[in-house]
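An overview of the molecular structure
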Amino acid sequence: MEFCHAGKRILVDCGLFQGSRTLETLNRTPFAFDAKRVDAVVLTHAHIDHCGLLPRLVAEGFAGDIWCTEQTAALLEYMLADAGRIQEGDAARRNRRKDRADLPDILPIYTEQDALAAWKQTREIAREEWFEPVPGFKARLWNAGHILGSASVELVIDETRILCSGDLGPKHKAFYADPESPAGFDHVICEATYGDRTREDITIAERRTLLEAEIKAALARGGNLIIPVFALERTQELLLDLAALMETKRIASIPVFIDSPLANRATSVFAKYADTLEDLNGENIFRNTAFHFVDATAESIRLNSVSGAIILAASGMCEAGRIRHHLKHNLFKRDATILFVGFQAEGTLGRVILDGAERVRIWGEDIVVRAQIRRIDSYSAHADQTDLIAWMEARRPIAGSLFLGHGEAASIDTLRQFASAKGIASSVVVPELGETYHLAAGQPARRTKTGDPHLQEAIGRDWQNSYADFASNLKRELAQIEDTRSRERAVADMRKVLDSYKHARTEQAFRRRAH
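Read on for a plain summary of the structure. (Residues numbered from 1 in each chain as written. Predicted model: local features only at pLDDT ≥ 70, side-chain atom pairs only at ≥ 80, totals over all residues. Heavy atoms only, no water.)

Its place among the elements puts His-326 in helix 10 (residues 323–330). The contact partners of His-326, leaving out residues within four places of it in the chain, are Ile-226, Asp-259, Ser-300, Leu-303, Asn-304, Ile-311, Ala-313 and Leu-331. (Helix = DSSP H or I, 4+ residues; strand = E, 2+ residues; numbered from the N terminus. Contact = heavy atoms within 4.5 Å.)

A separate point is the packing of helix 6 (residues 204–221) against helix 7 (residues 234–247). Where helix 6 contacts helix 7, the two axes come as close as 10 Å, and the packing angle between them is 80°. One finds that helix 6 runs roughly perpendicular with respect to helix 7. Taken together, the residues of helix 7 that come into contact with helix 6 (itself represented by Ile-204, Arg-207, Arg-208, Leu-211, Glu-212 and Ile-215) are Glu-237, Leu-238, Leu-240, Asp-241, Leu-242, Ala-244 and Leu-245. Split into classes, the residues belonging to the contact of helix 6 with helix 7 amount to eight nonpolar, no polar and five charged. (Axes fitted to C-alpha atoms, helices over the stretch in contact; angles between N-to-C directions. Parallel < 35°, antiparallel > 145°, perpendicular 65-115°, else oblique. Nonpolar A, V, L, I, M, F, W, Y, C, P; charged D, E, K, R; others polar.)

Here the focus is the sheet that holds strand 4 (residues 65–68). Reading across from one edge, 1-2-3-4-5 is the order of the five strands in this open sheet, with mixed pairing throughout. Since the sheet does not close on itself, it has two edges, and those belong to strand 1 (2–5) and strand 5 (122–124), each with one partner. Strand-to-strand twist of the sheet, defined as the mean angle between neighbouring strand axes without regard to direction, takes the value 25°. Relative to strand 4, strand 3 (residues 40–42) runs parallel, the two being bridged by three bridges. Residue pairing across strands places Val-41 opposite Ile-66, the latter belonging to strand 4. (Pairing = 2+ DSSP bridges.)

Tracing the sequence through the fold places Asn-224 in the loop between helix 6 and strand 11 (225–228). Among the polar contacts made by the side chain of Asn-224, one reaches the main-chain carbonyl oxygen of Val-306 at a distance of 2.9 Å. Separated by 3.3 Å, the side chains of Asn-224 and Asn-330 make a polar contact. (Polar contact = N/O pair within 3.5 Å; in protein donor to acceptor, adjacent residues only side chain to side chain.)

The full count for this structure, using the stated rule, is 29 salt bridges. Measuring nitrogen to oxygen at the nearest pair gives 3.9 Å for the salt bridge that ties Arg-85 to Asp-82. Of this pair, Arg-85 and Asp-82 both sit in helix 4 (residues 70–96), three residues apart, which is roughly one turn of that helix. A relative accessible area of 16% means that Asp-82 is categorised as buried. Residues Lys-173 and Glu-237 are paired through a salt bridge, measuring 3.3 Å at the closest nitrogen-oxygen approach. Separated by 64 residues along the polypeptide, Lys-173 in the loop between strand 9 (160–164) and strand 10 (185–191) and Glu-237 in helix 7 bring together distant segments of the chain. In this pair, the class of Lys-173 matches that of Glu-237, namely buried. Salt bridges sharing common partners tie together Lys-173, Arg-207, Arg-208, Glu-233, Arg-234, Glu-237 and Asp-241. (Salt bridge = Lys/Arg side-chain N within 4 Å of Asp/Glu carboxyl O. Buried < 20%, exposed > 50% of the residue type's maximum accessible area, 1.4 Å probe, protein only.)

Let us now look at the pairing of strand 14 (residues 310–313). Residue alternation in strand 14 divides its side chains into two sets, Ile-310 and Leu-312 and Ile-311 and Ala-313, and both sets are buried. Where strand 11 and strand 14 come together, four bridges link them in parallel fashion. Looking at strand 14, one finds that Pro-228 is bridged to Ala-313. Across four bridges, the pairing between strand 12 (residues 256–259) and strand 14 is parallel. Looking across to strand 14, one finds that Phe-257 is bridged to Ile-311.

Note that all results are geometric; they support no functional claim without further evidence.
Following this line, the structure appears as structure tokens:
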């Protein structure tokens, strides 16, 4: 989000688009502003969808401070550097693909060096302490209860009071107190990740009982229990619960492999701040002898031959990282279990598997899904619909507008209907990508620029998801046609469809030239 006033410009967050391949292409589109003219950034937390474009911002000329909590700054050193390595590695891997031999090389969005340069521009500030990121802008950070160091951002700009929720945590969240911030704003900008979902209200103890049952069932099948995890927060929550279950003898002390160098580094930051976190009581539970932190690639590869173990690997939505290797080596096994414990965005491999795909494509290879696919919802680091409504009501009165974003269309629309029905604000706005608004004190927001429809088209499931599903099942479906000639006709018919699009494209180009 960009805020401008009196010739000054600040950003609240600057994150990577995550989801389908089409959505991720937006990370390469030009910024809607000149990076050199941004005066400061205020960062809510260290998740990549909130901080992941900071290295590109710096590489393009941003030289100001990145204000955040001490814990967020500590995490950013690892999160951003890892993101830079992923960008470089993904570009190199795609350029080596044989089907790209006749195409120009792909360049990384940014490098590890760009990432470290961005981290060096962080400036730590304590929560609830007023500061001026630039003259004319006052700001305060409030506990958001989402992940280590997370914050909501209060802004005062020329007498207009604005609150940006950042990502909000749920009730019964491990490690942190519930979210908090003042009331009485002109405008509130709130996330809506789970705006259409009300989770069962369970305690940490009840959540551990669910995890215990999943572990015992998975191990009884004889194969591995594979858990896709977010390196930051979800990994540490699971380790907290696994340690508690082992210490109380509710599960055996079986090997737990944390196969993510980034998760291992993030865990070291949690250990550093253990005395400030609830549920740890200053104790470093991450030293449990059953926990094996895997860094070296060779050690990770050796896990392909293990059985009867618990493997935690990133990324949490299965879009990159070592989890893809473990899915490739376990999805086809009937005795394996894949346990999802985090949000799976539309268009991601994790969402495709969770939605019941019988086959998936991983690095161009078709994989049959025979493993048990399981899910525990209670590990979410996001507030659900009930939590979000309660948080918004506690911010009242909202004199101007309530903005809803950071969620899929159904989630945002459902939350909009609830917020409108409860009269939380007289104006409830669902902004589109690229829109701008004038925010005045005591008045509803006024739109000053419409969004770009091409940007909106990138949101959600895209053609590449459909292609992967189609391609992975095509050969089998052709084989089910009764005779060779009929199969030939089916292939010819499909080719005709593609040719018709090529012909239409040629006709359009001809008309444009003639015009």
